Amino acid sequence: MTKHLPQKRQTYTEKQRFIVYVLWLHGATEATVGKVAGLREKQVAGIIARSEYTNRSAMTVEQRAAYLRELAAIR
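A. Examining the packing of helix H1 (residues 14-26) against helix H3 (residues 41-49) more closely. The geometry of H1 relative to H3 is characterised by a closest axis approach of 10 Å and an angle of 80° between their N-to-C directions. Taken as axis vectors, H1 and H3 run roughly perpendicular relative to one another. Contact with H1, carried on its side by Arg17, Val20, Tyr21 and Trp24, involves Val44, Ile47 and Ile48 of H3 and no other residues of that element. Classifying every residue of the contact of H1 with H3 by side-chain character gives 6 nonpolar, no polar and 1 charged.

B. Broad picture of the environment of Lys3. Note on placement: Lys3 falls in the segment before H1. Taking the C-alpha atoms as reference, Lys3 lies 37 Å from Ile19; in sequence the two are 16 residues apart.

C. Structural detail: the nonpolar core. In terms of nonpolar packing, the biggest core is built from 17 residues, with Val20, Leu25, Leu39, Val44, Ile47, Tyr53 and Leu71 touching the most fellow members. Elements represented by at least two residues in this core include exactly H1, helix H2 (30-37), H3 and helix H4 (61-74). A per-element tally of this core places H1 first, with 5 residues. Every residue in contact with Leu71, bar those within four places of it in the chain, is listed here: Phe18, Tyr21, Val22, Leu25 and Tyr53.

D. Local environment of the pattern of salt bridges. Under the criterion given, the structure shown has 1 salt bridge. Put simply, Arg17 and Glu14 hold a salt bridge, and the shortest N to O gap is 3.3 Å. Here Arg17 pairs with Glu14, and both are found in helix H1, just 3 residues apart, close to one helical turn. Residue classification places Arg17 among the partly exposed positions, given a relative accessible area of 27%.

E. Geometry of the packing of aromatic side chains. Tallying each qualifying case throughout the model produces 2 aromatic pairs. For the ring pair Tyr53 and Tyr67, a centre distance of 4.9 Å and an interplane angle of 80° mean the geometry is edge-to-face. Here Tyr67 lies in helix H4 and Tyr53 lies in the loop between H3 and H4, a separation of 14 residues in the sequence. What makes Tyr53 buried here is its relative accessible area of 3%. An aromatic cluster of at least three residues, connected via ring pairs, comprises Tyr21, Tyr53 and Tyr67. Above the face of the Trp24 ring, Arg56 is positioned so that its terminal group lies 3.7 Å from the ring centre.

How each quantity is defined
Residues numbered from 1 in each chain as written. Predicted model: local features only at pLDDT ≥ 70, side-chain atom pairs only at ≥ 80, totals over all residues. Heavy atoms only, no water. Axes fitted to C-alpha atoms, helices over the stretch in contact; angles between N-to-C directions. Helix = DSSP H or I, 4+ residues; strand = E, 2+ residues; numbered from the N terminus. Parallel < 35°, antiparallel > 145°, perpendicular 65-115°, else oblique. Contact = heavy atoms within 4.5 Å. Nonpolar A, V, L, I, M, F, W, Y, C, P; charged D, E, K, R; others polar. Core = buried A, V, L, I, M, F, W, Y, C linked by side-chain atoms within 4.5 Å. Buried < 20%, exposed > 50% of the residue type's maximum accessible area, 1.4 Å probe, protein only. Salt bridge = Lys/Arg side-chain N within 4 Å of Asp/Glu carboxyl O. Phe/Tyr/Trp six-rings, centres within 6.5 Å; stacked < 30°, edge-to-face > 60°. Lys NZ or Arg CZ within 6 Å of the ring centre and 35° of its normal.

Listed below in structure tokens is the structure:
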């Protein structure tokens with residue numbers, strides 16, 4: 001009988017998350033973001049889903065620009 005261990009949640013580096021956020025706000029697809037960040041599409045989707053940038057299509061251009069300025073200031 002094998003014992004099932006709970007899976008450990010994947011942790012991403014700050015650099016990976018930053019790349020995902022910036023490219024996502026610029027309008028890149030999950031596939032493109034994944035190639036640049038070295039992640040799979042599902043991983044990119046998970047990072048985005050847990051961020052404040054989830055609903056990109058509902059954001060105005062000004063909102064996206066403000067988020068990008070905020071990220072640039074953090075960088």
